[in-house]
Each structure stands twice: as C-alpha cells, then as structure tokens.
Amino acid sequence: MRHPIDRRSFLRIAGLSLGAGALYRVAPALAAGPGGRDTARRLARANGEGVTPFSFVQLSDTHVGFRGPPNPTGTLAFERAVEVVNGLREQPELVLFTGDLTHDAEGRAERLARMRRFQQLASGLRAKARHAVPGEHDAAIDGGALYREVFGETSYAFDHRGVHFVALDNVSRPKPEIGAERLAWLRQDLARYPVTAPIVVFTHRPLFDLKPEWEWFTRDGAEAMKLLAPYENVTVLYGHIHREHVHQEPNGRHVAARSLIFAFPDPAAAAEKKPAPFDPQRPFRNLGPRLLHAGPGASSRTLALGMEEVELTLREHSGTEGFQQLLRPSTLEG
Amino acid sequence: MTTTGWRWARAAAAAALLAFGGGASAAGRVIEVKAKRFEFSPAELRLKLGEPVTLRVTSADVTHGFYQKELGIDAEIEPGRATEVALTPTRAGRFTLICDHFCGAGHGNMRLVLVVE
C-alpha cells in the first residue's frame, strides 16, 4: 500500500511546487518562464491581486498608563520599540497593534488621556499605515465605546499587496468572545475572497484554548477558525499572553507577540499567572516587537512569514547610561 | 515554542470530573462564596471526593463570571441575587475557576481554586 500514498504525496508536492513561483515569486528570475508567469497571472486573477513581498511589524500590549513593580518604566519599552522599528533597514509598510494599547483606568478622562498618549507615541513610527485592535483593557469596560471614538471601528478589514487583513475584536463584550454579530460580519467579509487568498487575522486574545484558567482563550474562537477553515493560507496574530508563542492548527497558524510592558511566565512551567519580576539590569528583557517578513511561501498555498525577535536591550538600543538613571529618579535629584 | 509542551491535563478534562448543575436547587452541604472586584472569598475551597455540595455565590459589587472550562462550570453572578452551582466531585485534583466577565483592571487575577481530595 506504499505506492498510492507516495503517489498522492508526489501529486500534492508537485502541485504546490508548481504554484510556488506563480503566486509569490514575482522576481523576474523566478517568473521568467512562460509557465511561471502564466500561473502567477491566473492566481493573481483568482485572488483579485497578486502578492508582492513586503514586511510588517506586530506590536502588542503596550498598556500605556501602567506603572507598577513589574515595570516601573512606564512607556519606555514602547518608545524604544518605536526607535527600533524606525531604525530598521527595511522599513515595514504596516504596523499592527494587537490590543491592550492602554491600561484601563476608572474615569473616562484618564482613559482618554491614555489613548491620546498612545496615539502620540505611535505617531512617532515612520510607517504611516498603522492598524490596531483593542484589548480588554481598552474596551471591555464600556463595550468599546471610547475606543471607537478615538480609534474607529474595533473590527474591520483591508487589503495590502494581495494579502487580506482582518482586524477581529474579541474583547469588547464582557465575556471573552467575538459574538454572533461579529462572526456574521466575518463570514460576509471572507465570502468575497477565493480560498487561495492569503489571510492575516489580527486579534487580541488567542482564538484557541491556550490556557482557559488564565483566561487565555476566546469562548467562540473555534467558530471563527471554522469560518477560516476553507482558506488555504491563514495566519492569526494575537497578543494578550505577553509572551511569544506559535501554535499550528490544520487550518491556520497562530502567533503571539511579546508585550511592551511586562512578560507572563510559561503556563506549562508556572503555577501562577504572575508577571516576570523587573530586572533593572535588563529592563526590556522578554519585551519587544516582532518583525514579520511577508513573502513567497514554499508553495502557492503558503505565505511565508519570517519572524525575527527583537529584544530591546539597554546596551543595543540605548547606548547611554541615562536609562539606568531614569530608573532611579532619586539619584538624579541627588 | 510549539504547543506540544503545553498539553497538560487536557485529556483528563474530557472525563466528567464533577457533576454540574448551574441554577439547580441546593443539594448537600451549602458553601457560601462571595465575589467582589477582584477576588473570590474564600479564594480556595477544599471539597471531598463524592460529596455533593452547592456553591451559593453572591456578588458584592458588579456582575462577575464564574467559569471553569474543564468542569463545565459557566455561570453569571449578578449583584442582588444568589446563584447556586451544584457539584459532586468525582475526581481528585486542583482546578482554577476564573471570573470571565470583565470587571476592571484586576479582573485577570480573579480566581477561585477548587481542591478535590
């Protein structure tokens, strides 16, 4: 019975390989052959637009307004991240924020001030195409009302260079869920695209059961993934867990980014969800942006997302001793 | 890291650990649980294997969630009225129950540990 299995595998691989240059390898050398150009044209036509390589950055959980023992430096990691991203040789075309832009406060005025401060810091990014989804700290307390006033809709979609991006709000209801209305919107949005279209969903909470007892899940996340199941090329970017994590499912790859405020422990190793203690010697340890390079996959059915973790270390990105002094204002005053 | 290393007791979760009847009339020993931002009181309950109990949960302030996925517990605790959750532990272990109805900045750490011995 080996033969039929090998044959199926051969056909699958061959079929995918045929499309490799077609969909994504748009460089002249790769699309030089008449077959390659023809396939590229056909797939671009099917998807509405051909994919061309570009890179984008995911930033997450900036929690503007938070100040406490796990991170006494406030927004400094966020500010450093902006510097790091601006200093990249290849400038990203998009910056995606996957929620908890601000840390919640009791009064509307303070919440608004934190959102404005977030906007001020984010406006320092050279990449002008910036997109965000809320986290529960931004939106759960009032159903996302203030977030909408300041940032606009909490769920929306757009296309960029042949990739369909979906911002999916799973935080603005009291429960950790997307909700029937938003799922209906997602179904409608996706219906416009062929199954070959590359799709990047960005959201706050994981859409799978990562650790429900730490509220690291979305109650109806499986329903969203069911809607995405027919699509051959799905990537879900999320935040919330303040640590990096990659989870592969048959119908999509889920990737979490680090936060820019403090890190949570590995749930497989830690009994409690307690932030990692602050280390003044390495104030940005375990924090940082994730740089994503979108480009050709190994086949027509994959969009390659190369990842590079950028740790915001004092030595690499500050270059002065001033930061240490900022940690001890009394020293400066003295 | 992949999810491989994160597969803790998911298989065990498939087994019926507790009989759960949200809103059922009180059965067995009644245990009072108070919810307020951002804690349950008591924070830990020790239950005996096979002994039916009823958790009588009240909120001192806002609406809270009362959720433990592995055990199938999923209730809303609204201020002004008690919510009863009937349980009969059939398996020993330590289960963390959370508030899954957002109640403020400390919501993420609002939990109740059920220890079944």
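Rules behind the numbers
- Residues numbered from 1 in each chain as written.
- Chains lettered and ligands numbered in written order.
- Predicted model: local features only at pLDDT ≥ 70, side-chain atom pairs only at ≥ 80, totals over all residues.
- Heavy atoms only, no water.
- UniProt positions renumbered as here; feature names shortened; annotations may be inferred.
- Helix = DSSP H or I, 4+ residues; strand = E, 2+ residues; numbered from the N terminus.
- Phe/Tyr/Trp six-rings, centres within 6.5 Å; stacked < 30°, edge-to-face > 60°.
- Buried < 20%, exposed > 50% of the residue type's maximum accessible area, 1.4 Å probe, protein only.
- Lys NZ or Arg CZ within 6 Å of the ring centre and 35° of its normal.
- Contact = heavy atoms within 4.5 Å.
- Arc of directions from axis to C-beta.
- Buried area = accessible area lost by both parts, 1.4 Å probe.
- Salt bridge = Lys/Arg side-chain N within 4 Å of Asp/Glu carboxyl O.
- Polar contact = N/O pair within 3.5 Å; in protein donor to acceptor, adjacent residues only side chain to side chain.
- Nonpolar A, V, L, I, M, F, W, Y, C, P; charged D, E, K, R; others polar.

- For chain B, an unreviewed UniProt entry supplies the name Cytochrome oxidase subunit II copper A binding domain-containing protein and the organism Anaeromyxobacter diazotrophicus.
- Annotation of chain B in UniProt includes, under Subcellular location (unreviewed entry), the sentence "Cell envelope".

- If you check an unreviewed UniProt entry, chain A appears there as Serine/threonine protein phosphatase from Anaeromyxobacter diazotrophicus.

1. Notes on the UniProt feature "domain: Calcineurin-like phosphoesterase" (unreviewed entry) in chain A
Turning to step 1, where the next piece is worked out: In the UniProt entry, the feature "domain: Calcineurin-like phosphoesterase" (unreviewed entry) is given for residues 55-243 of chain A.
Turning to step 2, where the next piece is worked out: Secondary structure content for residues 55-243 of chain A is 30% helix and 19% strand, and the end C-alpha separation is 21 Å.

2. Examining the packing of aromatic side chains
Residues and elements named next belong to chain A.
Turning to step 1, where the next piece is worked out: Applying the stated rule across the entire model yields 17 aromatic pairs over all chains.
Turning to step 2, where the next piece is worked out: Here the aromatic rings of Phe118 and Phe151 are separated by 5.8 Å at their centres, their planes lie at 75°, and the arrangement is edge-to-face. Separated by 33 residues along the polypeptide, Phe118 in helix α4 (residues 108-122) and Phe151 in helix α6 (residues 145-151) bring together distant segments of the chain.
Turning to step 3, where the next piece is worked out: Summarising the aromatic geometry, the rings of Trp214 and Trp216 are spaced 5.0 Å apart at their centres and angled 90° between planes, so their arrangement reads as edge-to-face. For the residue pair Trp214 and Trp216, the accessibility class agrees, reading buried in each case.
Turning to step 4, where the next piece is worked out: We note Lys273 situated over the ring of Phe264; from NZ or CZ to the ring centre the distance is 5.3 Å.

3. Topic: the environment of B:Phe38
Residues and elements named next belong to chain B.
Turning to step 1, where the next piece is worked out: Counting through the fold element by element, Phe38 comes out in the loop between β2 (29-36) and β3 (39-41).
Turning to step 2, where the next piece is worked out: On the accessibility criterion, Phe38 (29% relative accessible area) is partly exposed.
Turning to step 3, where the next piece is worked out: Placed 37 residues apart in sequence, Phe38 and Ala75 show a C-alpha to C-alpha distance of 17 Å.
Turning to step 4, where the next piece is worked out: The contact partners of Phe38, leaving out residues within four places of it in the chain, are Cys103, Gly104, Ala105, Gly106, His107, Asn109 and Met110.

4. What to know about helix α8 (residues 221-228) of chain A
Residues and elements named next belong to chain A.
Turning to step 1, where the next piece is worked out: Those residues of α8 lying buried are Gly221, Ala224, Met225, Leu227 and Leu228. Taken end-on, α8 shows its buried residues confined to a sector of 155°, consistent with a single buried face. Relative to its buried face, α8 has exposed residues pointing more than 90 degrees away, namely Ala222 and Lys226.

5. Let's talk about helix α7 (residues 180-190) of chain A
All names here are of chain A.
Turning to step 1, where the next piece is worked out: For α7, the complete set of buried residues consists of Arg182, Leu183, Leu186, Asp189 and Leu190. Summarising the axial view, the buried residues of α7 lie within an arc of 120°, below the 170-degree limit, and thus occupy one face. Facing away from the buried side of α7, by more than 90 degrees, are the exposed residues Ala180, Glu181 and Gln188.
Turning to step 2, where the next piece is worked out: Its buried side turned inward, α7 meets α6, β4 (156-160), β5 (163-168), β6 (199-203) and α8.

6. Examining the interface of chain A and chain B
Turning to step 1, where the next piece is worked out: Each partner contributes residues to the interface: chain A has 29 residues there, and chain B has 27 residues.
Turning to step 2, where the next piece is worked out: With both sides pooled, the region where chain A packs onto chain B buries about 2400 Å², and carbon together with sulfur makes up 50% of that total.
Turning to step 3, where the next piece is worked out: Run the count over chain A and chain B and you get seven salt bridges.
Turning to step 4, where the next piece is worked out: Residue A:Asp209 pairs with B:Lys69 through a salt bridge whose shortest N-O separation is 2.4 Å.
Turning to step 5, where the next piece is worked out: Where chain A packs against chain B, one counts ten residue pairs in polar contact (both at pLDDT 80 or more).
Turning to step 6, where the next piece is worked out: Mapped by element, the contributors of at least two residues to the side of chain A that touches chain B are α5 (136-139) and β8 (245-249) of chain A.
Turning to step 7, where the next piece is worked out: Here the element with the most residues in the side of chain A that touches chain B is β8(A); it accounts for four residues.
Turning to step 8, where the next piece is worked out: Grouping the constituent residues of the side of chain A that touches chain B by class yields eleven nonpolar, five polar and 13 charged.

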